[in-house]
Amino acid sequence: MVKFYTLLTYLFLSIPLFAQTGIPAKRPLTQADYDRWQAIRSEKISDDGRWITYQIDPQEGDGVLELRSADGRKTTRFPRGYMAQFTADNQFLVMRLKVPVADTHKAKLKKTKPEQMPKDSLLTLNLATGQTTRLPNVRAFLVGKEGGSWVAISQSHPPDKTPKAVATKDTTAPTTTVAGASVATTKKATSTKSKSDDLTLLNLADGTRRTFRYVSGVAMSTNGQTIFYSKDAFSDSLKALAPNAVDRPGVYQFDLATKREIIVDTNGRFKQYKGIAVDKTGGQLAWMASADSAGAEAKAFALYYKSLRPAAKSTAKRTKATLPAMPFQTLADTTTLANHWSVNEFSTPRFSDDGQRLYFATSPVAQRSRKDTLTPDDEKVKVDVWSWTDRRLQPMQQKRLKQEKERGYAAVYDLANQRLTPLASREVPAVTVDYKANPRYLLGESDEAYQVASSWDPGHTDLYLIDTQTGTKQKIASDLMASDPKLSPGGRYAYWYDERDSLWRAYSVREQKLADLTRGLPAKFFDEEHDSPSLPGAYGAAGWTKDDRYVWLYDRYDIWQIDPTGAEKPSLVTAGWGRTNNVRLRRSMLTPQDSTINPNADLWLTGFWEADKHWGILQEKNPTSASRSVAVLTQSNHRYAGLQKAKNAGTLTYLRGNFQEPNNLFVTDTTFRTPAQLTWINPQQDSVRWGSVELVHWLGTNGTKLEGLLYKPDNFNPKQKYPMLVYYYERNSETMYDYKAPSPSRSTINIPYCTSNGYLVFVPDIVYTVGQPGPDAYDCVVPGVLSLLDKGFVDRDRIGLQGQSWGGYQTAYLITRTNLFKAAMAGAPVANMTSAYGGIRWGTGMSRMFQYEKTQSRIGGTLWEKPLSYIENSPLFAANKIETPLMMMHNDADGSVPWYQGIEMFTALRRLNKPVWMVTYNGEDHNLTMRHNMKDLSIRMYQFFDYYLKDAPMPVWMKEGRTAVEKDRGEMKY
C-alpha cells in the first residue's frame, strides 16, 4: 500500500504545470514560425482625423489592411489590401488588393509568362455607406491629393487577337474636338497590338466610368479637377466617339464636366509621347514627343506646352504673376537648345507649385554609330581599357553606364516671361530644384575636379549658385567637405555643415557673404562618438522658420535657434533641457505642412534617454518665449516611432514596442491624456518562449567604460549555466528597446530565436582608435565576455561568436587572438587587408582604398605608408593560430566584400587542416535577399552552433559536405 501511494504521489508531481493550471507550457521558436510573424506598415490618418488605416503584413503570406474609426468603435478588414489612400474630402478609401500568394505560386509552377501572371485588383470604399467597388488587373492608380472625386486606374489588358484594320477613306467623316477646334478625321490601317494599359476613370461620387485603350501615361492635377493621358496606339474609346477617328498616338484630356475626350495633340509625325505634366490647378499642361520610334538608336524629344486658362481680357493689367492664355506651343527642341541637344526623355517635366516655371532636363542627342555587321559576335573584340587618366575607374563607369546614358541636365522655362534657361551643365551636373519656393537662385554641385581622388578620399565638391534667369554659375565654395548642402526654404541662404572645422555656415545670396553660424558656441555640433579616421558628421538641422528668419540646428541633446544675419545671439530653443537630463531631443514633423517651422506653435519632440536607452514623446509650448518649458507627454521602456497627426484635426498615431512587445499602433489626441492601443499583432508570441534584455557595463582592456546588451532566455536562472552567443557590429546599445521579430537570417543570428532556444546573447559596443581595428575589438569584446563569466551563469566551454561584414572581419580576427570561443560564424569577412585594399566594391564600382584609409576599417593610411598595420590587422596572416571551428558565408555576387576574401580564408584553414566550412549562395549579394536562401542559412547556422555549443548531432552537410553532383540533383543534405 505504501508503494501504491508513493507511486500516485510521484505521478501527481510529474504532471506538467499546464495540466494543473490550464495554461499551456510555452515552446521554443522553430524555423516554421517565421512566415506568420507580422508587422504594422503604411499607417495613415484621414485629413479630418476620423479614420485610420494600416497594413498588418506577415513575413510571408497574405496580409490584411485594417480600417479603424479613431474612436475605436468600428473596424473593417480587407484581406490583401495595401497602398491605401484617403480621398481629400474624407469620403472614400482607395486601395490595391494583392494577388493571393497561393495564386502567384501556382502560376510560377506553371511557368506562366510575366505578362500573363495574375494581377492586383483595386477596391474603393465609401466610408459613409460601406459600399465597395472592385476593378481587376490593376497596375497603378491616381487620386487628387487635394480634391476631386475621380480615380485614374491603369489596368493591364490581354493581347488583342483582332486582325489589323483595313485602310479606307471615309468621305462622311464626322468631327472630333481638338483643343476647342474641329478637324476632319480619317480611318487607316493599324495593328491593335500594344504593350500599353487600359485607363479607367472612375467617379467615386456617382459611379461613372470611362475606359480608354492603349494609354501609356497619365497625369492628374493636385486638385483632382483635370486628367490628361497619352496613347501610343489606336483607341477604341476614340473610335466609339468618332468611328472614323485618326489612328494616331497623342495627348488627350478628359473633360470632367462633359465626360468627353478632347484631343490635345495628335501630330501625325510623332511616334512617341512621354512625360505628361500638369500644374497643381490643372490649368497648364506639358508633354514630350519625338518623331523617332521607340527602337531608334538615337532619339530627339521636344517639350510642348498648352495653357488651358481663359484668355486674359485686353484691358487687364499684365503682370509677371499673371500667365497669359496661349495656344499649344513648342518650348524646347533641337532648334532652341544647344547644338545636338534635345529634351531628355528619361526625366518627366514638372511645374513649380505656383505654376510660373516648368522644370525639365536636357541631354546630348546620341550620335548614330556605325554598327559592325560583318564580324560574327563571337569574333568581336570585347576589351576594357583602363587608363590612369580616367576620372572614374572602369568598374564604376560600367556600374553607372545606364545612369550616364540617361543623364539629364536641369533646365527651366519661365512661363511668365517666355524664357528658356539651361541650369546644369557637364561642368556643374547636379542642380537641386526647389519646386515650392521658386527662388531666383538654385544650388549646384560639382565633383568633376575630385573624381580621380574619390577612390581614396571621397566627398569633395564645389558649390555654385545658379541664376534661374540667366543660367550664370557663381562658385561660392571650393573643395568643400560638406554634409548635404541645401538652400533655405525661401532661397535666401545656401547652408551646410563643413566637416573640416565642424562648423555650420550660411551664404547670403543677397549680400554674397559667408557667415559662420556656430563658431564660439558652447556646444559641439559634430558627432561626439565618431571614432574613425574620417571627419565627423553633424547632428543635423531641424529646419528653418518662415521667411528664412532663423535656422534651427541640433547639438547632441538640444536645438539651437540661430539668426543667419548675426544680428541676434543664438539661443537654445529647448532651454538646455536635453543636456541637463541627458536626453537627445529631436523635432517631430507631424504633417508635411510642418516642413517650415512655426516658432510660435507648440514644438513636438522625440527623446532618447542615454543613460538607460528608453524613449519618449515630449512637447514644448511657446518654444521661443521666455516662458517656454519642455513637458514629457509619455515615456517608458519602449521605442516610440512614426508619430503623425491628421492634417485638419488633433488625431495622433504612433508606434510603440520593445524587445518583448511587438510594435503596435496607438491613437491619441494632442493632449496625450488617453492614448489607446489599436492593434495587438503577433498574439502567437504569448505561446512561445521569448526572453528579456538588460544593459550591462564593463571596462575595456584599456580602461574605457563600455556598454552592451545581454539578452536572456525566459525564466532565467542566475544559478544555471547557459551557452552564450556573442554578436556585434560597432555600437548597438541604443537599440535596447527595439523589437526584433523572429525571421530567417540574411547573414546574422536572430536574437529572439536564440533566447527562445536557451541561448544567452551578448551584444557588446566596440569603441575604436585609429590603426588597430582588430585589437580594439579584442579590447572591448573579450573583457565584456569575461565580465559575464564572472557572474557565474555563462558556460565557459559553450561560447560562440558571430558577425557579418565588418562584424565578420572582427570574428575572423578575434579567433586568431583567443581560444575563448568554442565556435565562430563569420559572414563575408575581410581576411586579407593587403589584397582587399586595392580591390573593387563591385556594388558601386569604387576602389576599396577609401574604406581602409578613412572609414570603417580605420587603418588611417595607405598600404605603402602603414604596411604592418594592414598585415597585423589581417586574420589571414595569423591563420595558423586559429583553433576555433569556423563557419563562413560568402556569396559569389557580393558587391561589398569580394568573394575571394572568404576563399583566401577558407583555403588557408583547409591547408592547415582546421575545421572550416563556407556556404556560398549563387547569385546572392553581401546579405541574402531570397527568402528560401535565408531559411537555408538559418538551418545551417543554428545546426553549426547547436553542434558545438549544445551537443546536438553533427548535421550531414558538416560531416560530408555537399558535392557538385548532389547540388545538381537538388539534394539539400541537412
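If you're wondering where the values come from, they're calculated on a predicted model, not measured in any experiment.

1. Observations concerning the overall build of the protein chain
From N to C terminus, the protein chain includes 17 helices and 54 strands. Taken across its 974 residues, the protein chain has 51% of its residues classed as buried. At a minimum sequence separation of 6, the contacts of the protein chain that also span at least 24 residues come to 55%. Put simply, the protein chain shows about 46,000 Å² of open surface, and 51% of that area lies on carbon and sulfur atoms.

2. Observations regarding the side chain of Asn 126
Counting through the fold element by element, Asn 126 comes out in strand β7 (residues 120–126). Only 2.9 Å separates the side chain of Asn 126 from the backbone nitrogen of Ala 128, close enough to count as a polar contact. Excluding residues that lie within four positions of it along the chain, Asn 126 makes contacts with Gln 91, Phe 92 and Gln 131.

3. A look at the sheet that holds strand β40 (residues 629–636)
Here we have four strands laid out as an open sheet, ordered β37-β38-β39-β40, and antiparallel in their pairing. Looking at the sheet topology across the chains shown, the edges are occupied by β37 (583–587) and β40. The average undirected angle you get between the axes of adjacent strands in this sheet is 30°. Bridge analysis of strand β38 (residues 603–609) against strand β39 (residues 615–621) gives six bridges, and the strand direction is antiparallel. The residue bridging Phe 608 from the neighbouring strand is Trp 615, located in β39.

4. A closer look at the sheet that holds strand β2 (residues 51–58)
With respect to topology, four strands assemble into an open sheet ordered β1-β2-β3-β4, the strand pairing being antiparallel. Among the strands making up the open sheet, the edge pair consists of β1 (38–45) and β4 (75–79). Taken pair by pair, the neighbouring strands of this sheet meet at an average axis angle of 20°, ignoring direction. Examined bridge by bridge, β2 and strand β3 (residues 64–69) share six bridges and lie antiparallel to one another.

5. Some words on the pattern of salt bridges
The full count for this structure, using the stated rule, is 57 salt bridges. Ionic pairing is found between Arg 139 and Asp 197, a salt bridge with its closest N-O pair at 2.7 Å. Placement of Arg 139 in strand β8 (residues 132–143) and of Asp 197 in strand β12 (residues 197–203) is noted, with a sequence separation of 58 residues between them. A salt bridge links Glu 406 to Lys 402; the shortest N-O distance between them is 3.0 Å. On the basis of relative accessibility, which here comes to 24%, the residue Glu 406 falls in the partly exposed class. Within this structure, Glu 528, Glu 529, Asp 531, Arg 556, Arg 584, Glu 610, Glu 730, Arg 731, Glu 734 and Arg 858 form a network of salt bridges that share partners.

6. Looking at the environment of Ile 227
Following the sequence through the fold, Ile 227 ends up in strand β14 (residues 227–231). On the basis of relative accessibility, which here comes to 0%, the residue Ile 227 falls in the buried class. Along the primary structure Ile 227 and Ala 152 are separated by 75 residues, whereas in three dimensions their C-alpha atoms are 8.0 Å apart. Setting aside anything within four residues of it in sequence, one finds Ile 227 in contact with Trp 150, Leu 201, Val 218, Ala 219, Met 220, Tyr 252, Gln 253, Phe 254 and Leu 256.

7. What about the packing of helix α9 (residues 773–789) against helix α10 (residues 806–817)?
In contact at an axis separation of 9 Å, α9 and α10 are set at 75° when each is read in the N-to-C sense. The orientation of α9 with respect to α10, classified from their angle, is roughly perpendicular. Only Trp 806, Tyr 809, Gln 810, Tyr 813, Leu 814 and Arg 817 of α10 make contact with α9, whose side of the interface consists of Pro 773, Gly 774, Pro 775, Ala 777, Tyr 778 and Val 781. Residues that form the contact of α9 with α10 fall into these classes: nine nonpolar, two polar and one charged.

8. Focus: a nonpolar patch on the surface
A surface patch of nonpolar side chains, amounting to about 330 Å² of accessible area, comprises Val 381, Val 383 and Val 385. Inspection of the secondary structure puts Val 383 in the loop between β23 (357–364) and α5 (394–399). The class for Val 383 is exposed, based on a relative accessible area of 59%.

9. Remarks on the pairing of strand β27 (residues 441–446)
Note: strand β26 (residues 430–432) against β27, three bridges, orientation antiparallel. Across the sheet, the residue bridging to Val 431 is Gly 444, located in β27. Sheet topology places β27 next to strand β28 (residues 460–467); six bridges connect them, and they run antiparallel. Bridging across to β28, Ser 446 finds its partner in Asp 462.

10. Details of helix α14 (residues 899–911)
Taking 1.5 Å as the rise per residue, α14 with 13 residues should run 18 Å; its terminal C-alpha atoms sit 19 Å apart, in good agreement. Three or more residues of α14 are buried, namely Gln 901, Gly 902, Met 905, Ala 908 and Leu 909. Along the axis of α14, the buried residues cluster in a sector spanning 135°; they form a single face. Exposed and oriented more than 90 degrees from the buried face of α14 are Arg 910 and Arg 911. The inward-facing, buried residues of α14 abut α10, α11 (833–837), β53 (886–889) and β54 (916–919). Within two residues after α14, Asn 913 carries a phi angle of roughly 65°, on the positive side.

11. Notes on the packing of aromatic side chains
In the structure shown here, the tally under the stated rule is 41 aromatic pairs. With a centroid separation of 5.5 Å and 20° between ring planes, the pair formed by Tyr 654 and Phe 672 is classed as stacked. On the criterion of sequence distance, the pair formed by Tyr 654 in strand β42 (residues 652–657) and Phe 672 in the loop between β43 (664–668) and β44 (676–677) is long-range, its members being 18 residues apart. These aromatic residues form a ring-pair network of at least three members: Trp 37, Phe 659, Trp 690, Tyr 711 and Tyr 739. The side chain of Arg 549 reaches across the aromatic face of Tyr 550, ending 4.5 Å from its centre. When the ring centre of Trp 615 is taken as origin, the NZ or CZ atom of Arg 639, which lies over that ring, is 4.0 Å away.

12. A closer look at the nonpolar core
Ranked by size, the top nonpolar core spans 53 residues in total, and within it Met 724, Val 726, Phe 762, Val 785, Ile 799 and Leu 886 carry the most contacts. Once residues lying within four places of it in the same chain are set aside, the contact partners of Met 724 are Leu 710, Tyr 759, Leu 760, Val 761, Phe 762, Val 785, Leu 788, Val 794, Arg 798, Ile 799, Gly 800 and Leu 949.

13. A few points about the pairing of β8
Strand direction decides the pairing type here: β7 and β8, joined by five bridges, are antiparallel. Within β8, the residue paired with Leu 122 across the bridge is Leu 135. Hairpin connection from β7 to β8: five residues lie between these consecutive antiparallel strands, with Gly 130 at a positive phi of about 85°. Between the antiparallel neighbours β8 and strand β9 (residues 150–155) lie six residues, among them Gly 148 with a positive phi of about 95°.

14. Remarks on the environment of Lys 935
Mapped onto the elements, Lys 935 comes out in helix α15 (residues 931–950). Counting along the chain gives 904 residues from Lys 935 to Gln 31, while the straight-line C-alpha distance between them is 7.6 Å. For Lys 935, the contacting residues outside a window of four places in its chain are Gln 31, Asp 35, Glu 60 and Pro 744.

15. A closer look at the confidence of the model for the protein chain
Confidence along the protein chain averages 89 in pLDDT terms, with 90% of residues attaining 70 or more. Below pLDDT 50 for its whole length, residues 1–20 participates in five contacts with residues either more than four positions away or in separate chains. Under a pLDDT of 50 for its full length, residues 312–326 has, in the predicted model, 21 contacts with residues more than four places off or in other chains.

16. Describing the side chain of Thr 421
In this fold, Thr 421 is placed in strand β25 (residues 419–422). Within polar-contact distance, the side chain of Thr 421 engages the backbone oxygen of Thr 468 at 3.2 Å. Among the polar contacts made by the side chain of Thr 421, one reaches the main-chain carbonyl oxygen of Gln 469 at a distance of 3.4 Å. Ignoring anything within four residues of it in the chain, the contact list for Thr 421 reads Ala 411, Val 412, Asp 467, Thr 468, Gln 469, Thr 470 and Gly 471.

The rules behind each value
Residues numbered from 1 in each chain as written. Predicted model: local features only at pLDDT ≥ 70, side-chain atom pairs only at ≥ 80, totals over all residues. Heavy atoms only, no water. Helix = DSSP H or I, 4+ residues; strand = E, 2+ residues; numbered from the N terminus. Buried < 20%, exposed > 50% of the residue type's maximum accessible area, 1.4 Å probe, protein only. Contact = heavy atoms within 4.5 Å. Areas by Shrake-Rupley, 256 points an atom, 1.4 Å probe, with all protein chains shown as cover. Polar contact = N/O pair within 3.5 Å; in protein donor to acceptor, adjacent residues only side chain to side chain. Pairing = 2+ DSSP bridges. Axes fitted to C-alpha atoms, helices over the stretch in contact; angles between N-to-C directions. Salt bridge = Lys/Arg side-chain N within 4 Å of Asp/Glu carboxyl O. Parallel < 35°, antiparallel > 145°, perpendicular 65-115°, else oblique. Nonpolar A, V, L, I, M, F, W, Y, C, P; charged D, E, K, R; others polar. Patch = residues over 30% accessible without salt bridge, like charges linked within 9 Å, V, L, I, M, F, W, Y side chains within 5 Å. Expected span 1.5 Å × (residues − 1). Arc of directions from axis to C-beta. Phe/Tyr/Trp six-rings, centres within 6.5 Å; stacked < 30°, edge-to-face > 60°. Lys NZ or Arg CZ within 6 Å of the ring centre and 35° of its normal. Core = buried A, V, L, I, M, F, W, Y, C linked by side-chain atoms within 4.5 Å. pLDDT = per-residue confidence, 0-100.

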